[in-house]
Amino acid sequence: MAEHSEATAGLLIGVPRERATGERRVAASPDSVKRLITKLGFRVQIEAGAGVEAGFTDAAYAAVGAQIVDLEAIWGQSDLVLKVNPPLLDPATGVDELAGARRGLTLVCPVQPAQNKALVERMAALGLTVLALDCVPRITRAQKSDVLSSMANIAGYRAVIEAAHRFGGFFGPQMTAAGKSPPAKVLVIGAGVAGLAAIGAARSLGAVVRAFDVRPSVREQINSMGAEFLTVELEESGEGAGGYAKTMSPEFIAAEMALFRAQAKEVDVVITTALIPGQPAPELWTEDMVQSMKPGSVVVDLAAAQGGNCKLTVPGAVTEVHGVHLIGYTDLTSRLPTISSRFFANNIVNLLEDMGGSTKWRINLDDEVVRGCIVLHEGALLWPAPRPPAPPTPAVAPPAKAPTSAPVHAHPPTSPSRWGPVAALVLGAVALGLSFVAPAGFVQQLTVFTLSCVVGWQVIWSVNHALHTPLMSVTNAISGIIIVGGVLQAGAEPTSLAGVLGAVAVLIASVNIAGGFLVTSRMLQMFRKRS
């Protein structure tokens, strides 16, 4: 790392302007720069004009504490450099963004190491430490740093907007004095992050949406968004590693193609998102399917950059084949540059925060997120990351033995709590004492109350936490019964002890019911479409 003039000075982050053709995003927004400086202790310098295409002026960056510098300072002075795209390295044109890179700096950006081996070798020769954002493992803890998911979400939404622009009709149903128009029928192939975003956007525009995915686990997600899940008459799961789909058998693919050919005659818009990392995009929408679609229909191929799910797609362009518009844009996220840059920048800040910020910065190779995305460490190649150890193979059960007098436990018996017998003894003593002085009716009710508490506690305690929300309806019903009993007791003897206890029971049960309805209402709000 570079020497700093002050002992307390933070590490210096540099953000250059993206030079890839058509790229309008930037790796830092003014909001993310503010977090980097005030919360994480970094110093930040931005290349002049880096955020203009995304709607962020140099003045906006300067207002939150960033320095505006030239490109030479970005690569020559920074400790960390943040980018949206891999550094350009094109021997044909002589473009080399790393030409001015200071030896030993840390680069944080998507790298695609499997496809960019020459670039990895170039960075290794410079002794760089490289964190590949596209290699962040897809685990729960790393979701906030997953740029692939955040960008796929935007791409899926934008795909619907592009389709609606090219489609010659309404997405939602229309009925006017001039005539009526049925809703558009949209087929989404692949229900990953991009596919689900496309489903949500198409449904919000009023279209009838159908979706297909080889992973049966996404059925509920598709149905919950109001789309129809299409299936083939063949039992085979497409669940793959890391949340991606796997390559299916020839029999399944044949059944899948037959399903798509039938759908091609009905749907107006097709959005394909199928892609397996490290492999060419599978061909799912063939020329005969395009030919059987109605004139004016639209196909949006989100896998165009990797060869396309439709081989007729031209990457980066819109073409018309057999009267069908084929959209092969590879810059869908750059067509929403402001929000894309904000999401991308937030992903980076979250990663740097987990790595300790400026004051506690370290490359912790024991951290599974860091180990999964690091490609080079001070020039040493560490990619690909080792696979996590497989779960231990269950031991083979020994042959059954003849029964013995002692019971056999599947798990070691847990020792009972020492407070259980004490509580039972105290309750027994209280009940016995009351039996001599209290009326017989009171003792009978106390016995029923005590048994109800014990049974109710055991029943509720044994319910899985995931089922507590459906359990609210049962507890509300029980609370309603308590209110009825309390009202009757308080009305019959309002000044007696029983009447007072009845009023207290009504109050507590009412609070419980109100809280149950409030929590249930909040949960239902999560699934309602925002206007």
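Here, every reference points to the structure presented above.
Scoring rules and cut-offs
Within each chain, residues carry numbers counting from 1 in the order of the written sequence. For this predicted model, a pLDDT threshold of at least 70 governs which residues receive local features, and a threshold of 80 or more governs which side-chain atom pairs are given and counted, while totals over whole chains, interfaces and linings are taken from all residues. Water and hydrogen atoms were dropped before computing side-chain values, which therefore reflect all heavy atoms in the structure. What goes into a patch is any residue over 30% in relative accessible area without a salt bridge, connected to like charges within 9 Å or, for nonpolar side chains (Val, Leu, Ile, Met, Phe, Trp, Tyr), within 5 Å. What sets the accessible areas is the Shrake-Rupley method with a 1.4 Å probe; for residues, cover comes only from the shown protein chains. The salt bridge definition used is simple: a Lys or Arg side-chain nitrogen within 4 Å of an Asp or Glu carboxyl oxygen. Helix and strand labels come from DSSP, where a helix needs a run of H or I of at least four residues and a strand needs a run of E of at least two; each type is numbered from the N terminus. Stacked, tilted and edge-to-face are the three classes applied to pairs of Phe, Tyr and Trp rings, where Trp contributes its six-membered ring and a pair requires centres within 6.5 Å; stacked means planes under 30 degrees apart, edge-to-face means over 60, and tilted covers the rest. Per-residue accessibility, obtained with a 1.4 Å probe over protein chains only, is compared with the maximum for each type, and a residue is labelled buried under 20%, exposed over 50%, and partly exposed between these values. Here, over-ring charges are defined by two tests on the NZ atom of lysine or the CZ atom of arginine: distance to the ring centre within 6 Å, and angle to the ring normal within 35 degrees. Every helix has an expected span of 1.5 Å times one less than the residues it contains.

1. Quick look at a nonpolar patch on the surface
Judged by side-chain polarity, Val-500, Val-504, Leu-507, Ile-508 and Val-511 come together as a nonpolar surface patch covering roughly 460 Å² of accessible area. If you trace the backbone, Ile-508 turns up in helix α15 (residues 497-525).

2. So, the packing of aromatic side chains
According to the stated counting rule, one finds six aromatic pairs in the structure shown. With 6.0 Å between their ring centres and 75° between their planes, Phe-167 and Phe-171 make a pair best called edge-to-face. With a relative accessible area of 6%, Phe-171 lands in the buried category. The interplanar angle of 90° and the centroid separation of 5.3 Å between the aromatic rings of Phe-212 and Phe-260 together place this pair among those described as edge-to-face. Here Phe-260 lies in helix α8 (residues 250-264) and Phe-212 lies in strand β12 (residues 208-212), a separation of 48 residues in the sequence. With a relative accessible area of 0%, Phe-260 lands in the buried category. An aromatic cluster is built from Phe-212, Phe-252, Phe-260 and Trp-285, whose rings are joined through pairwise contacts. Directly above the ring of Tyr-329 sits Arg-335, whose terminal nitrogen or CZ lies 3.6 Å from the centroid.

3. Some words on helix α10 (residues 337-354)
In this model, α10 (18 residues) spans 26 Å end to end at C-alpha, consistent with the 26 Å of a helix rising 1.5 Å per residue. Just downstream of α10, Gly-356 is the residue with a positive phi angle, here 105°.

Note that all results are geometric; they support no functional claim without further evidence.
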